[in-house]
Amino acid sequence: MRALEVSAPWGFDALKVVDEPDPTPGHGEVLVRMKAVSLNYRDMLMVNGMYSRGSSTAGGTITPFSDGCGVVEAVGPGVTRVAVGDRVATLFFQNWTAGRPTLEKLSSALGYPIPGAGRELGVFSQEGVSKVPDFLTDQQVATLPCAALTAWRGLFEDARLEPGDTVVLQGTGGVSIFGLQFAHAAGYRTVITSSSDEKLARAKALGADHLVNYRTTEDWAAAVRHATGGVGADFVMEVGGAGTIQQSLRAVRIGGHIAIIGVVAGAGEGVNPGVLIGNSARLQGLSVGSREMFEAMCRAIELHRIEPVVDKVFPWTDVAKAFAAMQGGEHFGKIVLQF
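A quick note: this is a predicted structure, and the numbers were derived from the prediction, not measured.

Rules and cut-offs
Residues numbered from 1 in each chain as written. Predicted model: local features only at pLDDT ≥ 70, side-chain atom pairs only at ≥ 80, totals over all residues. Heavy atoms only, no water. Helix = DSSP H or I, 4+ residues; strand = E, 2+ residues; numbered from the N terminus. Rg over C-alpha atoms; globule rule 2.2 N^0.38 Å. Buried < 20%, exposed > 50% of the residue type's maximum accessible area, 1.4 Å probe, protein only. Contact = heavy atoms within 4.5 Å. Lys, Arg positive; Asp, Glu negative; His and termini not counted. Charge placed at Lys NZ, Arg CZ, Asp CG, Glu CD. Arc of directions from axis to C-beta. Polar contact = N/O pair within 3.5 Å; in protein donor to acceptor, adjacent residues only side chain to side chain. Core = buried A, V, L, I, M, F, W, Y, C linked by side-chain atoms within 4.5 Å. Domains from an automatic or database assignment. Expected span 1.5 Å × (residues − 1). Buried area = accessible area lost by both parts, 1.4 Å probe. Salt bridge = Lys/Arg side-chain N within 4 Å of Asp/Glu carboxyl O. Phe/Tyr/Trp six-rings, centres within 6.5 Å; stacked < 30°, edge-to-face > 60°. pLDDT = per-residue confidence, 0-100.

### Digging into the overall build of the protein
From N to C terminus, the protein includes 11 helices and 15 strands. The C-alpha radius of gyration of the protein comes to 20 Å, within 12% of the 20 Å expected for a compact globule of 339 residues. Along the three orthogonal principal directions, the C-alpha set of the protein runs to about 60 × 40 × 35 Å. Counting all 339 residues of the protein, 55% fall into the buried class. Sequence-distant contacts, at least 24 apart, represent 69% of the contacts inside the protein between residues at least 6 apart. Here the protein carries 29 positive and 34 negative side-chain charges, and the mean point of each set is 3 Å from the other.

Structure (structure tokens):
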């Protein structure tokens, strides 16, 4: 089989396709022939040697990607959760089946420390794969394990929201677009931000209620407050990090919830504890979710026939071009590699 590998000096140009022996599943393991994988911001950091849990700290070679769709080709002894021929998604955390996160559970992520889904054939624990809705394409399934589950957990597992509440989605990347789709299905009022009027128009077609171009409206928190009659948003999906957190703090209502998901906006001001205390807001960091959450999300996706937005598809061997598209912010929703 062929697989993607990257090692020092890291970077897109360091990605290469290598030949490896076909793996064999052991006890409790399944062999999956991969059909598609999707790109996450974490993958780009890892390939560039900038991810704190991998790459530059690993001191070795990495097979990237956590999010994939494939078909079970063989099973080892003791496997009961899936059978040969089942279509499955690879789960981001291989050992987080249910319950609260722990260091042990969060140390079982694909890509690092466990070799990822960027290979034609992969062996995974039966606990680290899950069956998926039949109506979705392989490309769509590949977008679910990280971006979709992160949005799901932020909205429905961690926050206490009710229909009619207002949620803010930052940008039009994978997590935010899934957040928009889930929030719309749940009856929440949605505000989405972007630097592109074209992308905002696409978000409106998916059900966004309020659109804010943060290039032309730098104080987008004021726009959120205007849309909510001065009250502020019940929930903010914070993907920018230090570069946007001050706006999020000004946009959220008293007692509201800010889900800290990403750092794509880079450096900026830190959190002012006085502001946080003053509005009694809750900031919560989150990292994807458990298999139990994933399966609940898939039931909702099937019920509401929610179709993930796949914006760009590349052959899996054109992985460097796919990362360049992500780095350039060209995408709306998700970028996928097809095997």
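### With respect to helix H6 (residues 197-205)
Looking only at H6, the buried set comprises Lys199, Leu200 and Ala203. The arc that holds the buried residues of H6, viewed along the axis, is 100°, so those residues lie on one side. Exposed side of H6, more than 90 degrees from the buried face: Asp197, Glu198, Lys204 and Ala205 are the residues found there. Looking at the packing, one finds that the buried side of H6 touches helix H5 (174-186), strand S9 (189-194) and strand S10 (210-213). Measuring from the side-chain oxygen of the N-cap residue of H6 to the backbone nitrogen of glutamate 198 gives 3.3 Å; that N-cap residue is serine 196. Glycine 207 occupies a position one or two residues after H6 and carries a positive phi of about 115°.

### Some details on the nonpolar core
Burial of nonpolar side chains together is a common tendency in soluble globular proteins. Counting residues in each nonpolar core, the largest one holds 53 residues, and the members touching the most others are Leu144, Leu155, Phe182, Phe294 and Met297. At the level of elements, helix H4 (144-158), strand S8 (166-170), H5, H6, strand S11 (233-238) and helix H10 (291-304) are the ones that each hand at least two residues to this core. For this core, the element with the most residues is H4, which contributes eight residues. Counting contributing residues per domain, this core is built from domain 1 (2-146 + 289-338) and domain 2 (159-285), each supplying no fewer than three. The contacts of phenylalanine 182, once residues within four sequence positions are left out, are Ala148, Ala151, Trp152, Leu155, Phe156, Met297, Ile301 and Ile306.

### Remarks on the environment of valine 309
Note that valine 309 resides in the loop between H10 and strand S14 (310-315). Overall, the relative accessible area of 15% leaves valine 309 in the buried class. Taking the C-alpha atoms as reference points, valine 309 and lysine 334, separated by 25 residues in sequence, lie 6.3 Å from one another. When sequence neighbours within four positions are dropped, the list of residues in contact with valine 309 reads Ile177, Gln181, Arg202, Leu206, Phe332, Gly333 and Lys334.

### A word on H10
In this model H10 runs 20 Å from its N-terminal to its C-terminal C-alpha over 14 residues, within 8% of the 20 Å that 1.5 Å per residue would give. Of all the positions in H10, only Arg291, Met293, Phe294, Ala296, Met297, Cys298, Ala300 and Ile301 are classed as buried. With its phi angle positive at about 55°, arginine 305 sits one or two positions after the end of H10.

### Points about the domain arrangement of the protein
The assigned domain composition of the protein is domain 1 (2-146 + 289-338) and domain 2 (159-285). Here domain 1 and domain 2 have C-alpha centroids that lie 28 Å from each other. With 17 residues of domain 1 at the contact, the number on the domain 2 side is 14 residues. Taking both partners together, domain 1 and domain 2 bury about 1,200 Å²; carbon and sulfur atoms supply 71% of that area. For the domain 1 face of the interface with domain 2, the top three residues by lost area are Tyr41, Ile306 and Phe332, together amounting to 45%. Taken together, the links from domain 1 to domain 2 amount to one salt bridge.

### Digging into the packing of aromatic side chains
Applying the stated criterion across every chain, the model contains 10 aromatic pairs. Ring plane angle 55° and centroid distance 5.9 Å describe the contact between phenylalanine 93 and tryptophan 96, whose orientation is recorded as tilted. For the residue pair phenylalanine 93 and tryptophan 96, the accessibility class agrees, reading buried in each case.

### Things to note about the confidence of the model for the protein
Averaged over every residue, the pLDDT of the protein is 93; the share at 70 or more is 94%. A low-confidence stretch, residues 54-58 stays under pLDDT 50, and its non-local contacts, those more than four residues away or across chains, total 14 contacts.

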